[in-house]
Amino acid sequence: FLGDYTDMVEFLKNISSRPQVYVMAPPPIYTFYKGHHVYGMDSRIVARLIEPLEEVSRATNIPLPISIFNAFRQHCPKLSDKCGWMAPDGVHPNADGDAVIAGLTLATIRGDDRCSIRKEDKKDCGFAHITQTQCKERGCCYAFGGFDGTPWCFKKAAVKFASKEECIATDEQKTECGYAGISG
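Source: prediction; values computed, not measured.

1. Topic: the overall build of the protein
The helix and strand tally for the protein stands at six helices and four strands. Each helix (α) and strand (β) of the protein, taken in turn from the N terminus, gives the series α-β-α-α-β-α-α-α-β-β. Out of the 184 residues in the protein, the part that is buried amounts to 30%. Partitioning the contacts of the protein with sequence separation of at least 6, the portion at a separation of at least 24 is 61%. Here the protein displays about 12,200 Å² of accessible surface, and carbon together with sulfur accounts for 55% of that area.

2. Considerations on the state of the cysteines
Counted under the stated rule, the structure contains two disulfides. Here Cys76 engages in a disulfide with Cys83; their sulfurs sit 2.2 Å apart. Here Cys76 and Cys83 share a disulfide; its torsion about the S-S bond, 70°, makes the bridge right-handed. You can call Cys83 buried: its relative accessible area is 7%. The disulfide bridge from Cys125 ends at Cys140, spanning 1.7 Å between sulfur atoms.

3. With respect to the layout of surface pockets
Space inside the second largest pocket adds up to approximately 210 Å³. The wall of the second largest pocket is formed by Asp124, Gly126, Phe127, Ala128, His129, Ile130, Tyr142, Gly149, Thr150, Pro151, Trp152 and Cys153. In the lining of the second largest pocket, the residues fall into seven nonpolar, four polar and one charged.

4. Comments concerning the packing of aromatic side chains
Tallied over the full model, the rule gives two aromatic pairs. Seen in terms of ring centroids, Phe72 and Trp85 are 5.0 Å apart; in terms of plane orientation they differ by 80°. Their pairing is edge-to-face. Of this pair, Phe72 sits in helix α4 (residues 68-75) while Trp85 sits in the loop between α4 and α5 (95-111), placing them 13 residues apart in sequence.

What counts as what
Residues numbered from 1 in each chain as written. Predicted model: local features only at pLDDT ≥ 70, side-chain atom pairs only at ≥ 80, totals over all residues. Heavy atoms only, no water. Helix = DSSP H or I, 4+ residues; strand = E, 2+ residues; numbered from the N terminus. Buried < 20%, exposed > 50% of the residue type's maximum accessible area, 1.4 Å probe, protein only. Contact = heavy atoms within 4.5 Å. Areas by Shrake-Rupley, 256 points an atom, 1.4 Å probe, with all protein chains shown as cover. Disulfide = S-S within 2.5 Å. 1 Å grid on protein atoms, 1.4 Å probe; cavity = no way out; pocket = protein on both sides within 12 Å on 5 of 7 lines; lining within 4 Å. Points joined across faces, edges and corners; volume = space filled by probe spheres on them. Nonpolar A, V, L, I, M, F, W, Y, C, P; charged D, E, K, R; others polar. Phe/Tyr/Trp six-rings, centres within 6.5 Å; stacked < 30°, edge-to-face > 60°.

Here it is, written out as structure tokens:
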């Protein structure tokens, strides 16, 4: 699993459009009979996917997984019960669950969008013939800028803090982005 997933992420990171790659921890399986779902799926296996996904994220230098699993567990903590964000089968999200997933995904993407900068605002961060790897190692953005003098390796945009109105979110819309003991 780890090797294949890591290879897939590296492949996606290196395609010509250089996308920002994210992984997502799936929602839990809500079980109905002695720890197993009616399809024979084991909720404990899905619950154990979070750690390997975090390992893939660290190994490939991408953001930590979007924690759909944690959002669903906070909303519906008992895996042996039915969850209002899941279809009756307990495996697939319903429209409410889909909305939560979409909201968390959007919040994550918006938070990582410091490389989407107008050409005229790009400030050089490299040197002639710098590679994408060298640029990223400097903590900078890399994007083909044409041959008009626009830098291909450029500094990230300054962090733009959200207004108070933009920060209103329910607990279900929030996702973990740190670890125990983090400060600042």
